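Structural description and commentary
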Amino acid sequence: MLPFTVNFKVSARTLTGALNAHNKAAVDWGWQGLIAYGCHSLVVVIDSNTAQTLQVLEKHKADVVKVKWARENYHHNIGSPYSLRLASADVNGKIIVWDVAAGVAQCEIQEHAKPIQDVQWLWNQDASRDLLLAIHPPNYIVLWNADTGTKLWKKSYADNILSFSFDPFDPSHLTLLTSEGIVFISDFSPSKPPSGPGKKVYISSPHSSPAHNKLAAATGAKKALNKVKILITQEKPSAEFITLNDCLQLAYLPSKRNHMLLLYPREILILDLEVNQTVGVIAIERTGVPFLQVIPCFQRDGLFCLHENGCITLRVRRSYNSIFTTSNEEPDPDPVQELTYDLRSQCDAIRVTKTVRPFSMVCCPVNENAAALIVSDGRVMIWELKSTVCNRNSRSSSSGVSPLYSPVSFCGIPVGVLQSKLPDLSLDNMIGQSAIAGEEHLRGPVLQEVHLRFLLTGLLSGLPSPQFAIRMCPPLTTKNIKVYQPLLAVGTSNGSVLVYHLTSGLLHKELSVHSCEVKGIEWTSLTGFLSFATSTPNNMGLVRNELQLVDLPTGRSIAFRGERGNDESPIEMIKVSHLKQYLAVVFKDKPLELWDVRTCTILREMSKNFPAITALEWSPSHNLKSLRKKQLATREAMARQTVVSDTELSIVESSVISLLQEAESKSELSQNISAREHFVFTDNDGQVYHLTVEGNSVKDSARIPPDGSMGSITCIAWKGDTLVLGDMDGNLNFWDLKGRVSRGIPTHRSWVRKIRFAPGKGNQKLIAMYSDGAEVWDTKEVQMVSSLRSGRNVTFRILDVDWCTSDKVILASDDGCIRVLEMSMKSTCFRMDEQELTEPVWCPYLLVPRASLALKAFLLHQPWNGQYSLDISQVDYPENEEIKNLLQEQLNSLSNDIKKLLLDPEFTLLQRCLLVSRLYGDESELHFWTVAAHYLHSLSQEKPVGAPGSKETVPRSKVNNPLDICYDILCENAYFQKFQLERVNLQEVKRSTYDHTRKCTDQLLLLGQTDRAVQLLLETSADNQHYYCDSLKACLVTTVTSSGPSQSTIKLVATNMIANGKLAEGVQLLCLIDKAADACRYLQTYGEWNRAAWLAKVRLSSEECADVLKRWVDHLCSPQVNQKSKALLVLLSLGCFFSVAETLHSMRYFDRAALFVEACLKYGAVGVTEDTEKLISAIYADYARSLKNLGFKQGAVLFASKAGAAGRDLLNELESPRQEQTEE
């Protein structure tokens, strides 16, 4: 065994370059932390932390237009493990679903042959995780099962569909952006296609509305600000409007329900879908750079915007409240006029040229604190948000932007100033919530003002645009094995030479060597090469030739031919001899030059009448060995000469010795002898010349007449005793020099551009390159091994070829990529775990399922044996060493900040669960633990110490640190009510038609704001058909008394209305007489579950509200609805922790149940009774079993011992093999 390890294993891989215009929107950042993007017909997968290419997927025949990672919002266990699934769609309408880690296509889907417009995985994962919705042009949406490739349903619409967006709060709502407007679908379901054509609305472009020109003066005329801006109409607008529909993008806001944004080049409009009205506009001033794309955030009400100059900006909604009005100003009479988003941070722009422009941006879905920009030249730039705490006094008061404060809590739990926290972990740990109008902040030292900035943390650059000239460094031998690196030199059209390290696929060096396109490269050693470039010819056909000798370690480059090179015939090729002693330089219309590579001197410039050369190759044979032998003999003789008598000298004549001494002294100077080498070349007539070079003499030794069957010879290759010639007509001629036979083979593939033998002793394989592809031949058997043809089995054209190792070839192609392929030249993806990375990557998805789940348990149940450690060998985990090493590599690749948190004893179990769910990118765990941590913590704060914990408590009304509004129905009631009131105020300010006013009135009545509702009702003009009705309603609202008879009459009327299909009106009447609980019951009976939950939260007392929500939970758990994960979150928000544990156990989520029970016991949130004891021990026992199945023995023992009687058998089973070992 060799005492050192050198990695020269080169796996098949693809180096990618610039992108195609079709790839513009083909990018996605998955929950697993990986970014996938399309590059021509390839899909490239990179790691967002270290910016390394992990996988290149090749199977599409056409350009990729969309890529989407599967969502991770389901419970992961051994049956449904963490896996990397990706869907990619191309211009020809094919969708491929990949297993990215193995690099294989799981399923291929094809409906029509037109480019897929959009594709999305369904996010409601309780039903199935395999459903994929796609738009097949022009107007079909199709739901596919992405596991089997079966079509579930297909539906067509009237207009061409451009894209779609799912409502993040309701899986049955889908919105299509069409060429004419927007279509709202409210009955989307996986089981059957939506009925009817959907509700179609038209957008009149913002430019055509009269308010557009007022935007600039918005600050002064705050009151008059576009009250008249109607955007969405049911009627089709006149013809001039339609042409203006330049809406670039439509997306729901995930941070608050029923809000949507529309993106135009110069503004972003925020719509409230309850009233179909603009409630916020973000406009760019005249000199600003237009928008390209926007990504709304979930954790905070913020927007990542991409501009046309490649600048990414973050805008966060301004919060309105009493902190910001200083005492001497009078408070603003109507505070909320508009949702305003302030610019909080922006990154540097890129230099935009004709060929270089930003394509698209993606944002990290887990932490929302990083964005990646994909540029058309193949660059990927990863920008991370960093927060800095600044002191209050330094803030400039003139900026007018309200300050951002850091949040009170970290990882879901309020922390003190001294406790360790990592604010840059995610967006909601960086900045606190935007406060709601009229709400007092916690004043005091806790609030620290923060500033955000973007930092470039990753950059991946692609190959430049073709042409390419490629050359692999000299091959691996037994002599150079200690220093060998598999380097590939790539000459580019702009004159630079890129050197790639092929084990990692990373750029090793980029050298700016020439000023024009590099035409060829030849290595002179493992660390140096010669490259030549020629400028464009002038009118006399003369060019500037550049021939540079480059030393790779230092990057020094010298002009090899000195002053020569201006205004001469272009160099056609350069060839270095086998011993790297001599260089032949062949010109187009000028005789051959021979140079000594070691001394950079010219040996011979051939005479004018020297024949024109069409092809040239150095012979592998030389006399170096015999010279070395002679040299040794001389050295011995010289050594003897000093000792022995003169008589013995007659053996070696003194004259010879003197000559050899001279040679010796010379060779000591240059450390090598000039050996004799040969080369052959052909002229225009196909005659073969054989010349010998020794020192500085060149001898013509033989001429072979042309072969009649061959056309004009274009290239020669020579290895061992085989010489191969290729000609203009695609014939290959194999000469066996030993047996003196030749064989001509017509390949019928036109011009043979290049032929090259593979490295390695006795390896007689040869690659031939043609105008339309390449072939690999075995010259021993004289038969073809494999063939590749452009247009037939690949879409790209081949520009250059070389051998990488003895069994792998390198192809440079016109799609800007360089592929390292097996000899079969079949494009293949590699397994991700086989590939060598220079930097370790945190991605538990790459581990085998058992290992990734065991790693998770190891991180969650710290400390082990009483100590916090990130060393997997500390625990009893009897897996094979290889898996343990992989786990340890994963642990080591975590950042120091995260390691510090994981090892901190004060970091609580709930915070640990949240952090691990972020590390794993586990969507369902993240939401579960966020809500669980919030309510466990806030309820434990409320409970008087020593009170019996068995009673399930109800959240109180005053909230200091509420759950974010993006959790909607799960928020505390008081906070939820405030948010709804603020929203209805905004709707009221923005209303412009009678319909809007009416919707506002309805909302105000449900919210119990009767006085304002009456004001709005009385606004109805006398010529409106609803005038009489509204006036009576106003009277009714003002005169409702709590006397018995009127109550019963109204109740009777309301129930009749509901019975006769007027549900909304009946509910309103019930709310007037404070019978909201009955109203909720009716709403639930008629299937309006979300509306009922909303009404319960804004109108009912905690106890009544809890009843309504518990009925909803039962409904969600029913088999036909099957939304148990949502039911769990609702139960958490009610504080029904025991029911949560029961439900988790019944769903077989044993790991989550066990951790949740542990957390509840820590907080004293579950009282200890017989029932709870029984449930807890059952949960622990089942969890111990599942850990045993993972092979995680120590964890299994831990939980089996906690389970008491239920875990006794399992504990004995686990203990018994130990005892046997100790007895041995």
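Described below are features of the structure shown in this document.

What counts and how
Residues numbered from 1 in each chain as written. Predicted model: local features only at pLDDT ≥ 70, side-chain atom pairs only at ≥ 80, totals over all residues. Heavy atoms only, no water. Buried < 20%, exposed > 50% of the residue type's maximum accessible area, 1.4 Å probe, protein only. Helix = DSSP H or I, 4+ residues; strand = E, 2+ residues; numbered from the N terminus. Pairing = 2+ DSSP bridges. Patch = residues over 30% accessible without salt bridge, like charges linked within 9 Å, V, L, I, M, F, W, Y side chains within 5 Å. Areas by Shrake-Rupley, 256 points an atom, 1.4 Å probe, with all protein chains shown as cover. Salt bridge = Lys/Arg side-chain N within 4 Å of Asp/Glu carboxyl O. Lys, Arg positive; Asp, Glu negative; His and termini not counted. Charge placed at Lys NZ, Arg CZ, Asp CG, Glu CD. Axes fitted to C-alpha atoms, helices over the stretch in contact; angles between N-to-C directions. Disulfide = S-S within 2.5 Å. Core = buried A, V, L, I, M, F, W, Y, C linked by side-chain atoms within 4.5 Å.

**Some details on the pairing of strand β25 (residues 312-317)**
Walk down a regular strand and you will see the side chains alternate between the two sheet faces. In terms of burial, β25 is largely enclosed, as six of its six residues are buried. Of the two faces of β25, the one holding Ile312, Leu314 and Val316 and the one holding Thr313, Arg315 and Arg317 are both buried throughout. Alignment of strand β24 (residues 302-307) against β25, held across five bridges, turns out to be antiparallel. If you follow Gly302 over to β25, its bridge partner there is Val316. Taking the residues that link successive antiparallel strands as the turn, the β24-β25 hairpin has four residues, and the phi of Gly310 there is positive, at about 80°.

**Quick look at the pairing of strand β14 (residues 161-166)**
Of all six residues in β14, five are buried; the element is thus mostly enclosed. Sheet analysis places β14 next to strand β15 (residues 174-178), joined by five bridges and oriented antiparallel. When the sheet's bridge partners are listed, Phe164 is paired in β15 with Leu176.

**What about a positive patch on the surface?**
There is a patch of like positive charges on the surface, built from Lys479, Lys625, Arg628, Lys629 and Lys761. Looking at the element boundaries, Arg628 is found in helix α3 (residues 624-641). Given the relative accessible area of 44%, Arg628 is considered partly exposed.

**Examining the sheet that holds strand β11 (residues 131-136)**
In space, the four strands of this open sheet follow the order β10-β11-β12-β13, with antiparallel pairing throughout. Of all the strands in the sheet, just β10 (118-121) and β13 (150-156) have a single pairing partner and so form its edges. Taking each pair of neighbouring strands and ignoring which way they run, the sheet shows an average axis angle of 15°. In this sheet, β13 lies alongside strand β12 (residues 140-145) in antiparallel orientation, the contact comprising six bridges. Bridge pairing links Leu143 to Trp153 in β13.

**Here we look at the state of the cysteines**
In this structure the tally under the stated criterion is zero disulfides. Cysteine Cys39 is unpaired, with the sulfur of Cys817 as its nearest cysteine sulfur at 4.5 Å.

**What about the nonpolar core?**
Grouped burial of nonpolar side chains is what soluble globular proteins tend to show. Counting residues in each nonpolar core, the largest one holds 184 residues, and the members touching the most others are Tyr37, Leu1095, Phe1137, Phe1156 and Phe1192. The element contributing the most residues to this core is helix α9 (residues 923-942), with nine residues. In this structure, Val490, Ile521, Ala812 and Ile818 belong to the second largest nonpolar core, which totals 31 residues.

**Remarks on a negative patch on the surface**
Side chains of Glu1142, Glu1170, Asp1171 and Glu1173 sit close together on the surface and give a patch of like negative charge. Element by element, the count of residues in the negative patch is highest for helix α22 (residues 1170-1189), at three residues. The residue Glu1142 is located in helix α20 (residues 1137-1146) in this model. Residue classification places Glu1142 among the partly exposed residues on the basis of a relative accessible area of 40%.

Purely spatial values, then, with no claim about function.
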